[in-house]
Amino acid sequence: QVQLVESGGGLVQAGGSLRLSCAASGSIVNIATMGWFRQAPGNQRELVATITSRGSTNYADSVKGRFTISRDNARNTVYLQMNSLRPEDTAVYYCNLNYGLRHYWGQGTQVTVSS
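Residues numbered from 1 in each chain as written. Predicted model: local features only at pLDDT ≥ 70, side-chain atom pairs only at ≥ 80, totals over all residues. Heavy atoms only, no water.

Novice: How should the overall build of the protein be read in this particular structure?
Specialist: Looking only at helices and strands, the protein has zero helices and 11 strands in total. Secondary structure elements in the protein, listed N-terminal to C-terminal, are β-β-β-β-β-β-β-β-β-β-β. Rg of the C-alpha trace for the protein: 13 Å, near the compact-globule value of 13 Å for 115 residues, within the 12% margin. Referenced to the eigenvectors of the C-alpha coordinate spread, the extents of the protein come out at roughly 40 × 25 × 20 Å. In the protein, which comprises 115 residues, the proportion classed as buried is 42%. When the accessible area of the protein is evaluated, it comes to approximately 6200 Å², of which 45% is carbon and sulfur surface. Mean positive and mean negative side-chain charge positions of the protein (10 and 6 charges, respectively) differ by 7 Å. (Helix = DSSP H or I, 4+ residues; strand = E, 2+ residues; numbered from the N terminus. Rg over C-alpha atoms; globule rule 2.2 N^0.38 Å. Buried < 20%, exposed > 50% of the residue type's maximum accessible area, 1.4 Å probe, protein only. Areas by Shrake-Rupley, 256 points an atom, 1.4 Å probe, with all protein chains shown as cover. Lys, Arg positive; Asp, Glu negative; His and termini not counted. Charge placed at Lys NZ, Arg CZ, Asp CG, Glu CD.)

Written as structure tokens, this is what we have:
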């Protein structure tokens, strides 16, 4: 059984920073690819960043150079450091675990960036 619990969202002014955390539980966490997705009102859920079990990362073009994904396998936690935030980053951010054909999701955390 995999459980993902996000934290760290909130309201921030444009140009500010936030760090999201995702605490994961389950036997496959350390061998799975983890990631962050986001969904703004009226939009489809989109990929923000992923990190493999070995630490290889992938980012959406819109966040490259501003966001950094990392993981602490000892703590079963994945982080998303978000800098230089823009109003268009406003969305619900979801933690994702991908193992084989299985996807697991957290409940989401709201990030709101004011202009």
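Novice: What is the right way to read the state of the cysteines from this model?
Specialist: Disulfide: a covalent bond formed between the sulfur atoms of two cysteine residues. Tallied over the entire structure, the rule returns one disulfide. Paired through a disulfide, Cys22 and Cys95 show a sulfur-sulfur distance of 2.1 Å. Around the S-S axis, the bridge from Cys22 to Cys95 shows a dihedral of about -85 degrees and counts as left-handed. Placement of Cys22 in strand β3 (residues 18-25) and of Cys95 in strand β9 (residues 91-99) is noted, with a sequence separation of 73 residues between them. Here Cys22 and Cys95 have matching classes, each one buried. (Disulfide = S-S within 2.5 Å.)

Novice: What should I look at first to understand the pattern of salt bridges in this one?
Specialist: Once their charged atoms are close, side chains differing in charge can pair, the charge on each being opposite to the other. Counting across every chain of the model gives five salt bridges. With a closest N to O distance of 2.8 Å, Asp89 and Arg66 form a salt bridge. Of this pair, Asp89 sits in the loop between β8 (77-82) and β9 while Arg66 sits in the loop between β6 (57-59) and β7 (67-72), placing them 23 residues apart in sequence. As far as the burial class goes, Asp89 and Arg66 line up, both buried. With a shortest N-O distance of 3.3 Å, Asp72 and Arg75 are connected by a salt bridge. Residue class for Asp72 comes out partly exposed when judged on its relative accessible area of 24%. The network of salt bridges with common partners includes Arg38, Glu46, Arg66 and Asp89. (Salt bridge = Lys/Arg side-chain N within 4 Å of Asp/Glu carboxyl O.)

Novice: What is the right way to read the side chain of Arg71 from this model?
Specialist: Among the secondary structure elements, Arg71 is positioned in strand β7. For the buried Arg71, no salt bridge is present, and the opposite-charge side chain at shortest range is Asp72, 8.5 Å distant. In terms of polar contacts, Arg71 uses its side chain to reach the side chain of Asn73, at 2.9 Å. Setting aside residues no more than four positions away along its own chain, Arg71 makes contact with Val29, Asn30, Ala32, Thr33, Met34, Ile51, Thr52, Ser53, Thr77 and Val78. (Polar contact = N/O pair within 3.5 Å; in protein donor to acceptor, adjacent residues only side chain to side chain. Contact = heavy atoms within 4.5 Å.)

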